[in-house]
Amino acid sequence: MNKKYVAPPYRIKMVEPIKITTREERENYLRVAGYNPFSLRSEDVYIDLLTDSGTGAMSQYQWAALMMGDEAYAGSRSFYKLEKVVKQITNYQYVIPAHQGRGAEQVVLPQLVNKEGLYFISNMHFDTTRAHVEMAGARALDCVIDECFDTETYHPFKGNFDVIQLEKIINEKGPENIAGIIMTITNNSAGGQPVSMENMKKVRVIADKYKIRVLIDGARYAENSYFIKQREKGYENKSIEEIALETFALADIFLMSSKKDGLSNIGGLIVIKDDVDLYNKCRTYIVPMEGFPTYGGLAGRDMEALSVGLLEALEEDYLQHRLDQVRFLGDKLREAGVPIQYPTGGHAVFVDCQKFAPHIPYDQFPAQSVCNAVYLEAGVRPVEIGSFLLGRDPDTKENLKSPLELMRLTIPRRTYTYAHLEVVADAVIEVYKNREKLVGLEFDYEPPVLRHFTARLKPKL
Ligand code: PM9
């Protein structure tokens, strides 16, 4: 193993067998799945890189903690343990659990939309966040720096806000029409790319100037903090905990899918700095949506596992190995000439499919076509992040053209080895060599919301 990539700071105590299938079998599975890897059965997948959400391996300390779960409906001991950890990490006052990230979004976002014609502005909204913004009756605008869309050129913080554009949008729409600024850290949709502390501070200054609240969509805030430590001047000697605290100080609300940097298989968080009115509204609204405010859709044991996982995710040895795994796969692909979002981000390698399959038009979903080919090649399941995911304009109903057509090879936490990632690299490189044979896709069935999860497609011959 190349010394540039550190070995895991853990050893294996339990194994989960995975099945190797033949190409013929995979052709059948994919056809039955409507050419949408979301509809594959996981037992028909050899290496599952669909998502890093809830797919990581828990530590012995988390498994042990599960046994301590207090399953009381109200006032569970496990809730108070979770609350203490979250307050320690964030320095915020109010904590409400939710069953996962979108559970937190469905409770909080409608509270912030009190009239028609409101907007949220983000560096880049994640798809469920965008969906909840729109379902609450507002509109979601993205304003990330241009460098984000230039996949070849190095930039240490491709997730940064374009702060000039941000202020321009606020003035155009009117500050009274901006329901919130959402800092998505890391910026999932364009490569798990980090946002710098300097940039977040500038966003806060603008938000204060126009009296707009700031939300953190922080599913991967620990990875973001590690990038800040590695890449931003002045943070080399700060701990990840210190960087995280400084980050949270810049916002008012923290929404978390804790299936990522919570190192848990399920869970979400609503964390509010000091707005007691908002907290009370969320506490009321969560009851019919998710459950009583001391469990919010989680079992007591889930809250126990999360309390431990949140702290483990801040450990530097763990973060270094995690980001090295992603870099390892990215380096292998780049060395073979495969176009990827460079530098690699926190949780995945994103392959640039506009460059990979330029002969497939955006509305025939080039990245989805590459994902399917990689599955056929080696049983590896990637996911599309492009025009298929983006969906249609809510007003005109036209297919939106994504600025990037990406195949995401998402690395679950503490789950696969460098050897698995070599298999993945070989598969992608093989498909790349035969890329002119790839064909576009068309709909067989298109659901009205978040279509990429359940749509059925067929090759456009
Ligand atoms: N992200 C992901 O794979 C899981 C759903 S799509 C397979 O990247 C951010 C930045 C996310 C995110 C989920 C959510 C929603 C909010 N913000 O999935 O509801 O990356 O826990 O979180 C996924 P939940």
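Up top you'll find the structure we're talking about.
Residues numbered from 1 in each chain as written. Predicted model: local features only at pLDDT ≥ 70, side-chain atom pairs only at ≥ 80, totals over all residues. Heavy atoms only, no water.

### Remarks on the overall build of the chain
For the chain, the count of helices and strands is 17 helices and 14 strands. Here the C-alpha radius of gyration of the chain, 21 Å, is about what a compact globule of 461 residues would show, namely 23 Å. Projected onto its principal axes, the C-alpha positions of the chain cover 60 × 55 × 45 Å. Put simply, the chain has 461 residues, and 59% of those count as buried. With 56 positive and 63 negative side-chain charges, the chain shows a spacing of 1 Å between the two charge centroids. (Helix = DSSP H or I, 4+ residues; strand = E, 2+ residues; numbered from the N terminus. Rg over C-alpha atoms; globule rule 2.2 N^0.38 Å. Buried < 20%, exposed > 50% of the residue type's maximum accessible area, 1.4 Å probe, protein only. Lys, Arg positive; Asp, Glu negative; His and termini not counted. Charge placed at Lys NZ, Arg CZ, Asp CG, Glu CD.)

### Focus on the sheet that holds strand β5 (residues 178-184)
If you walk across this open sheet you meet the seven strands as β2-β8-β7-β6-β5-β3-β4, and the pairing is mixed. Edge positions in the sheet fall to β2 (94-98) and β4 (139-142), since each has one partner strand and no second. Strand after strand, the sheet turns through a mean of 20° between neighbouring axes, direction not considered. Sheet topology places strand β6 (residues 214-217) next to strand β7 (residues 253-257); three bridges connect them, and they run parallel. Counterpart to I216 in the pairing with β7 is F254. Lying on the sheet, helix α4 (residues 101-108) is in contact with β2, β7 and β8 (268-272); it crosses β7 at an angle near 145°. The strands touched by helix α7 (residues 197-210) within the sheet are β5 and β6, with β5 carrying the most contacts at an inclination of about 175°. (Pairing = 2+ DSSP bridges. Axes fitted to C-alpha atoms, helices over the stretch in contact; angles between N-to-C directions. Contact = heavy atoms within 4.5 Å.)

### Looking at the sheet that holds strand β9 (residues 348-352)
Spatial strand order, β9-β12-β11: three strands in an open sheet with antiparallel pairing. Of all strands in the sheet, those bounded by a partner on one side alone are β9 and β11 (383-385). Geometrically, the sheet is characterised by an average inter-axis angle of 35° between neighbouring strands, direction not taken into account. Note: β9 against strand β12 (residues 406-410), five bridges, orientation antiparallel. Following the sheet pairing, V349 is matched in β12 by L409. Its contacts with the sheet place helix α14 (residues 366-378) against β11 and β12, and it is angled at close to 40° to β12.

### Re the environment of S42
With respect to the helices and strands, S42 occurs in the loop between α1 (23-32) and β1 (47-48). S42 sits 25 residues away from M67 along the chain, and the two C-alpha atoms are 27 Å apart. If near-sequence neighbours (up to four positions away) are discounted, S42 is found in contact with D48 and R381.

### A closer look at the state of the cysteines
On inspection of all chains with the given rule, the structure shows zero disulfides. Summary of cysteine pairing: C143 is not part of a disulfide, and the nearest cysteine sulfur, belonging to C148, is at 11 Å. C143 gets classed as buried once you look at its relative accessible area, which sits at 2%. As a non-bridged cysteine, C353 has C371 as the owner of its nearest cysteine sulfur, 6.5 Å distant. Looking at C353, the relative accessible area reads 0%, which means it is buried. (Disulfide = S-S within 2.5 Å.)

### Considerations on the nonpolar core
Ranked by internal contacts, the top residues of the largest apolar core, which has 57 residues, are L166, I170, Y221, L269 and L310. By residue number, the principal contributor to this core is α7, which donates six residues. With residues up to four places along the chain from it excluded, the contact list for Y221 reads I89, I185, A244, F248, F254, M256, D261, L310 and L314. (Core = buried A, V, L, I, M, F, W, Y, C linked by side-chain atoms within 4.5 Å.)

### Topic: the side chain of N199
Note that N199 resides in helix α7. By relative accessible area, which is 7% here, N199 ends up buried. Only 2.8 Å separates the side chain of N199 from the backbone nitrogen of F161, close enough to count as a polar contact. Filtering out sequence-adjacent residues up to four positions away, N199 remains in contact with N160, F161 and V163. (Polar contact = N/O pair within 3.5 Å; in protein donor to acceptor, adjacent residues only side chain to side chain.)

### Brief notes about the site of the ligand
Close to the ligand lie 18 residues, the nearest being T51, R102, S257, K260 and R408. At a separation of 2.8 Å, an oxygen atom of the ligand approaches a polar backbone atom of G101. At a separation of 2.9 Å, an oxygen atom of the ligand approaches a polar side-chain atom of R220. Among the elements that take part in the shell around the ligand, α4 stands out by supplying three residues, more than any other. (Near = heavy atom within 4 Å.)

### Brief notes about α7
Between its terminal C-alpha atoms α7 stretches 20 Å, which fits the 20 Å expected from 14 residues at 1.5 Å a residue. Those residues of α7 that sit buried are M197, N199, M200, V203, R204, I206, A207 and Y210. Elements in contact with the buried residues of α7: α6 (163-173), β5, β6, α8 (221-231) and α9 (240-249). Looking one or two places after α7, you find K211, whose phi comes out positive at around 55°. (Expected span 1.5 Å × (residues − 1).)

### Concerning the pairing of β4
Note: strand β3 (residues 119-122) against β4, four bridges, orientation parallel. When the sheet's bridge partners are listed, S122 is paired in β4 with D142. Each parallel crossover has a hand, and the one from β3 via helix α5 (residues 127-135) to β4 is right-handed. (Right-handed = clockwise from strand over helix to strand, strands pointing away.)

### Let's talk about the environment of V133
Mapped onto the elements of the fold, V133 is located in helix α5. With relative accessibility at 0%, the residue V133 sits in the buried group. Each C-alpha atom of the pair V133 and L40 lies 29 Å from the other, and the pair is 93 residues apart in sequence. For V133, the residues in contact, after removing those within four places along its chain, are L109, F120, H125, A138, R139 and A140.

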